[in-house]
Amino acid sequence: MTERTERAGRPFLYVVVCAAGAADGVGGLITAAHERGWEAGVLATPTAMEGFFDAAEAEALTGRPVRSAWRRPGAPRPFPPPDAVVVAPATFNTVNKWAQGLADTLAVATLCEACGLGVPVAVLPCVADALAGHPAYRESLARLRAMGVRFGDRYSGEPDERGVRPRFGWERALDLVAPG
Ligand SMILES: Cc1cc2nc3c(=O)[nH]c(=O)nc-3n(C[C@H](O)[C@H](O)[C@H](O)COP(=O)(O)O)c2cc1C
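Sequence positions are assigned chain by chain, starting from 1 and proceeding in written order. Given that this is a predicted model, residues contribute local features only at a pLDDT of at least 70 and side-chain atom pairs are listed and counted only at 80 or more, while totals for whole chains, interfaces and linings are drawn from all residues.

Q: Now, about the site of the ligand: what can you tell me, with residues and values included?
A: What makes a residue near a molecule or strand is its C-beta atom, placed from the backbone, lying within 6 Å of it. If you check the shell around the ligand, you find 15 residues, and the closest are Cys 18, Ala 19, Ala 20, Thr 45 and Thr 91. Taken together, the residues of the shell around the ligand break down into seven nonpolar, eight polar and no charged. When residues are sorted by character, Ala, Val, Leu, Ile, Met, Phe, Trp, Tyr, Cys and Pro go into the nonpolar class, Asp, Glu, Lys and Arg into the charged class, and all the rest, Gly among them, into the polar class.

See the structure below:
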């Protein structure tokens with residue numbers, strides 16, 4: 001029996017990956033999700049597919065293709081419906097488009113739909129200080145929070161006083177969608 005067969009029947013987690021520098025660690029999130037009992041599938045923005053993370057590694061870990069484009073009409077749905085969705089890392093761009101309902105990528109369209117389906121959605125924003133004060137971003141956070149979206153702390157990527165860049169806390173996304 002393969003590892004994926006053993007995971008069949010478990011709740012299904014959509015991992016939405018945006019084009020932020022932190023995206024290259026998403027394999028650790030998939031592994032942590034498996035350890036917590038989730039089966040996972042990755043949806044990436046088109047820009048994230050341009051070298052921001054190792055899509056081949058994500059496919060090997062999940063046993064499924066990474067999705068970035070819509071399926072063809074009439075083609076079967078590649079993933080089962082989600083039991084929860086995590087967006088990690090979430091960019092300034094995707095957060096703002098999502099709040100506005102601008103569903104021009106599969107990733108954003110999936111996020112817009114997840115809220116309508118009542119599926120829990122957790123976000124780990126990866127947004128620099130210079131962008132976080134933009135009024136559009138602040139309004140997007142308020143709007144998404146009002147829709148029930150759960151947010152972890154923003155990761156700015158800024159090095160600390162010793163010049164060390166803090167670790168991206170992937171597990172927080174799983175805490176935010178943990179059942180019960
Ligand atoms: C190396 C690199 C790192 C980036 N890191 C971030 C980031 O941490 N957060 C962010 O909001 N944008 C970041 N960007 C800019 C986004 O990639 C850009 O806004 C893109 O349009 C986001 O697309 P998406 O939201 O569809 O993934 C980065 C760009 C580059 C080239």
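Q: Could you give an account of the UniProt feature "domain: Flavoprotein" (unreviewed entry) in the protein chain, with specific residues and numbers?
A: Cross-referencing UniProt, the feature "domain: Flavoprotein" (unreviewed entry) maps to residues 15-132 in the present numbering. Per the convention used, a helix needs a DSSP run of H or I reaching at least four residues, while a strand needs a run of E reaching at least two, with both numbered from the N terminus. Structurally, residues 15-132 comprises 36% helix and 18% strand, and the distance from its first C-alpha atom to its last is 23 Å. UniProt positions are given in the numbering used here, feature names are shortened, and annotations may be inferred rather than shown by experiment.

Q: Go over the confidence of the model for the protein chain with me, naming the residues and quoting the values.
A: The score called pLDDT rates the predictor's confidence residue by residue, from a low of 0 to a high of 100. Per-residue confidence for the protein chain averages 94 on the pLDDT scale, and 96% of its residues sit at or above 70. Here, residues touch in the contact sense if the C-beta positions derived from the backbone fall within 7 Å of one another. Under a pLDDT of 50 for its full length, residues 1-5 has, in the predicted model, two contacts with residues more than four places off or in other chains.

Q: Residue-level account of helix H4 (residues 92-100), with values.
A: Three exposure classes are used, based on other C-beta atoms lying within 10 Å of a residue's own C-beta, which is placed from the backbone: buried for 20 or more, exposed for 12 or fewer, and partly exposed in between. A large share of H4 lies buried, amounting to seven of its nine residues. Inspection of H4 places Phe 92, Thr 94, Val 95, Asn 96, Lys 97, Trp 98 and Ala 99 among the buried residues, and these make up the whole buried set. Looking at the buried positions of H4, the neighbouring elements they touch are strand S3 (84-90), helix H5 (106-117), strand S4 (121-125), helix H6 (129-132) and helix H7 (135-146). Positive phi shows up at Gly 101, right after H4, with a value of about 75°.

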